[in-house]
Amino acid sequence: MGRRPFIIDCDTGTDDAIAIAAALYCDEVEVKAVTSVNGNVAHQYTSRNNLNLLEYLGFDDIPVAKGAVHPIMENSYHADGTHGNTGLGCITLPEASHKKFDGRIASQLIYETALEEKGELELLVIGPMTNIAIMLLEHPDAAQLIKHIWFMGGAAVGGNVTTTAEFNIWIDPMAAHIVTQSGIPQTMVGLDVTTAAAMKEPHSTELRACGTKAAVLCADLLDYMFERRDKGGEDALMHDAMAFAAAVYPDCLECHDYYVDVECFGEYTKGHTMVDRRGKKGKAPNVSVALKVDEDKFCRWLVDTIKKSAG
Ligand code: BDR
Ligand code: CA
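Parameters and conventions
- Throughout this document, residue positions are counted from 1 along each chain, in the order its sequence is written.
- Chains carry letters and ligands carry numbers; both start at the beginning, A for chains and 1 for ligands, and go up in the order they are written.
- Note on the predicted model: pLDDT of at least 70 is required for a residue's local features to be given, and 80 or more for side-chain atom pairs to be given and counted; whole-chain, interface and lining totals, by contrast, use all residues.
- The side-chain figures draw on all heavy atoms in the structure; neither hydrogens nor water molecules are used.
- For every residue, the accessible area obtained with a 1.4 Å probe (protein chains only) is divided by the maximum for its type, and the residue is called buried under 20%, exposed over 50%, and partly exposed between those limits.
- Counting from the N terminus, the helices are the DSSP runs of H or I reaching at least four residues and the strands are the DSSP runs of E reaching at least two.
- To obtain the arc, one takes the directions from the helix axis to the C-beta atoms.
- Working rule for contacts: check all heavy atoms of both residues, and any pair within 4.5 Å makes them a contact.
- DSSP bridges decide pairing: two strands pair if at least two such bridges lie between them.
- All axes here are fitted lines through C-alpha atoms, helices being fitted over the stretch that makes contact, and every angle between N-to-C directions spans 0 to 180 degrees.

### Details of helix α10 (residues 201-210)
Thinking step 1. Among the residues of α10, His203, Ser204 and Leu207 are the ones counted as buried. For α10, the buried positions fall inside an angular range of 100° around the axis, keeping them on one side. Opposite the packed face of α10, turned more than 90 degrees from it, sit the exposed residues Pro202, Thr205 and Ala209.
Thinking step 2. Taken together, the buried residues of α10 touch α11 (213-230) and α13 (295-307).
Thinking step 3. Residue Gly211 follows α10 closely and has a positive phi angle near 85°.

### As for the pairing of strand β5 (residues 146-152)
Thinking step 1. Most of β5 sits out of view: 6 of its 7 residues are buried.
Thinking step 2. Where strand β4 (residues 121-125) lies against β5, 5 bridges are found, and the strand directions are parallel. Considered in β5, the bridge of Val125 is made with Phe151.
Thinking step 3. Inspection of the sheet shows β5 paired to strand β6 (residues 186-189) by 4 bridges, in the parallel sense. Following the sheet pairing, Ile149 is matched in β6 by Gln186.

### A closer look at the environment of Val275
Thinking step 1. Within the secondary structure, Val275 is located in strand β9 (residues 273-275).
Thinking step 2. The buried category is assigned to Val275, whose relative accessible area is 11%.
Thinking step 3. Sequence spacing of Val275 and Asp261 is 14 residues, and the spatial spacing of their C-alpha atoms is 7.0 Å.
Thinking step 4. If we ignore the near neighbours within four places in the chain, the residues touching Val275 are Ala155, Ala156, Met188, Tyr258, Tyr259, Val260 and Val289.

### A few points about the sheet that holds β5
Thinking step 1. The strand order across the open sheet formed by 8 strands is β3-β2-β1-β4-β5-β6-β10-β7, and the pairing between neighbours is mixed. On the outer flanks of this sheet lie β3 (64-65) and β7 (253-258), each paired with one strand and no other.
Thinking step 2. Contacting β1 (4-10), β2 (29-36), β3, β4 and β5, helix α4 (residues 106-117) crosses the sheet at an angle of about 160° to β2.

What follows is the structure in structure tokens.
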């Protein structure tokens, strides 16, 4: 069987960069493109981070495209307190010298790739869902062309930006509403699981010893996260890589099918993912929601996958 074709749509981002590395070295998938969106930091940085990262790791043939510079209906807010001013913490990648951005805007590149892949394309969506929503609005047939969306976002319970909203969804709730209601098969990997597993210092040590560019970069990113944690910030949570794990290593997660929609306007609840666990809405399930993670299995898988960069 051939590799599963994937596009990664992201707001790179420290944990996005680790998720991208995992996808690039995972035997089971072929990364067809990496597309950027406004999110953790401004789009000028998320897009540049993707270009620099792919050239740095030697993936010259994988297209990198720019996407939405702001959400559909909201103002832009960023998470530079978590990811540093330019998105990669204290790490500065060499500026890409020969790799250029694809000429297409992200939504168009994703749509054209979906056509080429004839219903087999899967999306790893690990930032606000703006690009995917724009594609669905511009191309009504796109929903039938995407095999599955694996997204990091939301929570059945709680939030990290507000008491009820997770960052990716809160940044662009309308986009998330459009995507969850699109009919595309999808899996939500939210804070319920991503806050239940954190990488530890021995993982960084093991990656550094592996010695490849990718493994050392991931070790540097982890070390930045440990410092951030020690100063009272977020732990070394692998939100985005866990959404990829759902796609290729489902054994580390427990998922259940529910009806999910997104609150777009509530004064207190904007960006909340309404996960109808009691079936109160009487609507058919539209999202598989991850509710439990095996931390040891997940962390082991992530380190082993990145170590495949050693060939
Ligand atoms: C999500 O927001 C970003 O900070 C992370 O990259 C992740 O996608 C977690 O809420
Ligand atoms: Ca992200």
